[in-house]
Amino acid sequence: MTAFMPVTLRFCDNTTMLVSSVAEAARALSQQWPDKTAPAYVEAARLVALAVDGTCCQRIAFEALTKAARQQNIVVAKPKSRAHDWLDAVAGW
């Protein structure tokens, strides 16, 4: 089991990558992003590097990566599974 809920990213060269750890996040940041000068990307790169070094919480770094990816519209949306529908029904949503 992974430390984080995996997220699939589609980069500018049309390659995709499933990211579920800080090590994978570091590799994802080296791929072709639409704008590597965007503030959210720069912050994600900084936090992921700190997390790899062990001086930043991995969850914070991973969330920064997903925020930057969403802002640049490279997150591949996955349809909800039937299990999610069942849980939503049980929760009354």
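Reading the values: the criteria
- Residues numbered from 1 in each chain as written.
- Predicted model: local features only at pLDDT ≥ 70, side-chain atom pairs only at ≥ 80, totals over all residues.
- Heavy atoms only, no water.
- Buried < 20%, exposed > 50% of the residue type's maximum accessible area, 1.4 Å probe, protein only.
- Helix = DSSP H or I, 4+ residues; strand = E, 2+ residues; numbered from the N terminus.
- Arc of directions from axis to C-beta.
- Contact = heavy atoms within 4.5 Å.
- Axes fitted to C-alpha atoms, helices over the stretch in contact; angles between N-to-C directions.
- Parallel < 35°, antiparallel > 145°, perpendicular 65-115°, else oblique.
- Left-handed = near helix turned anticlockwise from the far one by under 90°.
- Nonpolar A, V, L, I, M, F, W, Y, C, P; charged D, E, K, R; others polar.
- pLDDT = per-residue confidence, 0-100.
- Core = buried A, V, L, I, M, F, W, Y, C linked by side-chain atoms within 4.5 Å.
- Pairing = 2+ DSSP bridges.
- Disulfide = S-S within 2.5 Å.

**Comments concerning helix α1 (residues 22-29)**
Working step 1: Within α1 the residues assigned to the buried category are V22, A25, A28 and L29. All buried residues of α1 project into a common sector of 110° when viewed along the axis, lining one side.
Working step 2: Tucked inside the fold, the buried residues of α1 contact β1 (7-10), β2 (16-19), α2 (39-53) and α3 (58-71).

**Side note on the packing of α2 against α3**
Working step 1: At a minimum axis distance of 8 Å, the contact between α2 and α3 shows a crossing angle of 155°. Judged by the inter-axis angle, α2 sits roughly antiparallel to α3. For the crossing formed where α2 meets α3, the hand is left-handed. Contact residues: A40, Y41, A44, L47, V48 and A51 in α2; Q58, I60, A61, A64, L65, A68 and Q71 in α3.
Working step 2: Class assignment for the residues of the contact of α2 with α3 results in 11 nonpolar, 2 polar and no charged.

**Things to note about the confidence of the model for the protein**
Working step 1: Of all residues in the protein, 91% have pLDDT values of 70 or greater, and the mean over the chain is 90.
Working step 2: When pLDDT is averaged over each element of the protein, α2 comes out on top at 98 and helix α4 (residues 82-91) at the bottom at 74.

**So, the nonpolar core**
Working step 1: The biggest cluster of nonpolar side chains holds 26 residues, and the ones touching the most others in it are L9, F11, V19 and W33.
Working step 2: Elements that contribute at least two residues to this core include exactly β1, β2, α1, α2 and α3.
Working step 3: Once residues lying within four places of it in the same chain are set aside, the contact partners of W33 are L9, F11, C12, A28, Y41, L65, A68, A69, Q72 and I74.

**Some points on the pairing of β1**
Working step 1: Sheet topology places β1 next to β2; 4 bridges connect them, and they run antiparallel. The residue of β2 that forms the bridge with R10 is T16.

**Brief notes about the state of the cysteines**
Working step 1: Counted by the stated rule, this structure contains 0 disulfides.
Working step 2: In this model C56 remains outside any disulfide bridge; the closest cysteine sulfur is found in C57, 6.3 Å from its own.

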